[in-house]
Amino acid sequence: MEGIKRLTLNLMLVDGIKFSEYMDFPEIGMHGHNYYELIFFKKANAVSVVNGKEIAFKDYSLYLLTPFDFHSTKKVDASHGAHYINVSFSSESMDSEIIKQIKCAYYLKDIEENGDIVKLLELLKYYDLIKNQKNKVDILGVLLSRIVSLGEPIKGEGGVDSDHETIRKAACLISEKYGEELTLKKVADELHLSPSYFSSVFSKPETTLVEISGKVITTETKMGIVEELNQNNAIK
């Protein structure tokens, strides 16, 4: 997983939801970001690797990514374009109960068979054009619930609760709360893990490529973070 970087919210709109439609698909190396992303392919010409799992997209398929998912994308045929819709949104822009439903990345193919999803996407586009924020949020909430209900979880080789997933979640959490008085117990509690287990996983040498506050850190730095969290408040 070389070249992992963390994108920021500087492309997001003020309301926290960005709706875009494109006629080509860029090749992007392995990366992650601190917002959620929904991509709907009308005409697919792409293969993506999400959490170590390769997905060859089909026409009228979509996938939903969380801030904890590392992924890359490349074209299948460089001489052909692609037609897709991209919806990026922050957790703050949506109801917290909706966000809690999204526990991992999801893939949904053949959505023509689920006509309501296509209609919801069309409604989302319409409300984006007329800048109706409330209806846009409401429609996106319904759409996300449908995707979680019907989609196939993209768990990667180790599953949602793998060590790498724990590292991604911890990195996002520490990055979001960077500067606050965090403790090892607070971070572990947020991840629903025991402090000792979190400490052992976070310090593993094979999980070096994580990012804290915009910087990729090494195993030694991670171990230092664990020590600092411990010093803030000893494990009880």
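Residues numbered from 1 in each chain as written. Predicted model: local features only at pLDDT ≥ 70, side-chain atom pairs only at ≥ 80, totals over all residues. Heavy atoms only, no water.

1. Here's the deal with the confidence of the model for the protein
Convention followed: Per-residue confidence from the predictor is reported as pLDDT, which spans 0 to 100. Helix numbering and strand numbering both begin at the N terminus, where a helix is a DSSP run of H or I of at least 4 residues and a strand a DSSP run of E of at least 2. Every residue pair with non-hydrogen atoms within 4.5 Å of one another is taken to be in contact.
Scored by pLDDT, the protein comes out at a mean of 76, with 69% of its residues at no less than 70. Looking over the protein, one finds the lowest element-wise mean pLDDT in strand 1 (residues 6–7), namely 42, and the highest in helix 3 (residues 133–150), namely 94. Counting contacts from residues 1–13, a segment whose pLDDT is below 50, to residues more than four positions away or on other chains yields 39 contacts. Across residues 207–217 the pLDDT falls below 50, and counting only partners more than four positions away or on other chains, this stretch makes 35 contacts in the model.

2. Concerning the sheet that holds strand 11 (residues 152–154)
This is how the line gets drawn: The pairing criterion for strands is at least two bridges between them, as found by DSSP. The axes are straight lines fitted to the C-alpha atoms, using for helices just the contacting stretch, and the angles between their N-to-C directions are given from 0 to 180°.
In space, the six strands of this open sheet follow the order 2-9-4-7-10-11, with antiparallel pairing throughout. Each edge of the open sheet is held by one strand with a lone partner, namely strand 2 (17–22) and strand 11. Strand-to-strand twist across the sheet, computed as the mean angle between neighbouring axes with direction ignored, equals 15 degrees. Relative to strand 11, strand 10 (residues 105–108) runs antiparallel, the two sharing three bridges. Residue Tyr107 lies in a different strand from strand 11, and its bridge partner there is Glu152. Docked against the sheet, helix 2 (residues 115–129) engages strand 2, strand 4 (36–43), strand 7 (61–65), strand 9 (83–89) and strand 10, running at close to 110 degrees with respect to strand 2.

3. Some remarks on the environment of Val76
In this structure, Val76 sits in the loop between strand 8 (71–75) and strand 9. Along the primary structure Val76 and Asn45 are separated by 31 residues, whereas in three dimensions their C-alpha atoms are 5.4 Å apart. Setting aside its immediate chain neighbours within four residues, Val76 contacts Asn45, Ala46 and Val47.

4. Considering the pattern of salt bridges
Two side chains that carry opposite charge are able to pair once their charged atoms sit near each other. So the rule is basically this: Here, a salt bridge means any Lys or Arg side-chain nitrogen found within 4 Å of an Asp or Glu carboxyl oxygen. Exposure is judged per residue with a 1.4 Å probe applied to protein chains only, and the accessible area is read against the type maximum: over 50% gives exposed, under 20% gives buried, and values in between give partly exposed.
Per the stated rule, a full pass over the model turns up nine salt bridges. When the shortest N-O distance is used, the salt bridge between Glu97 and Lys100 registers 3.4 Å. Taken together, the positions of Glu97 and Lys100, both in helix 1 (residues 96–101) and three residues apart, correspond to about one turn of that helix. We classify Glu97 as partly exposed; its relative accessible area is 47%. Between Lys134 and Asp138 there is a salt bridge whose closest N-O contact spans 3.0 Å. Of this pair, Lys134 and Asp138 both sit in helix 3, four residues apart, which is roughly one turn of that helix.

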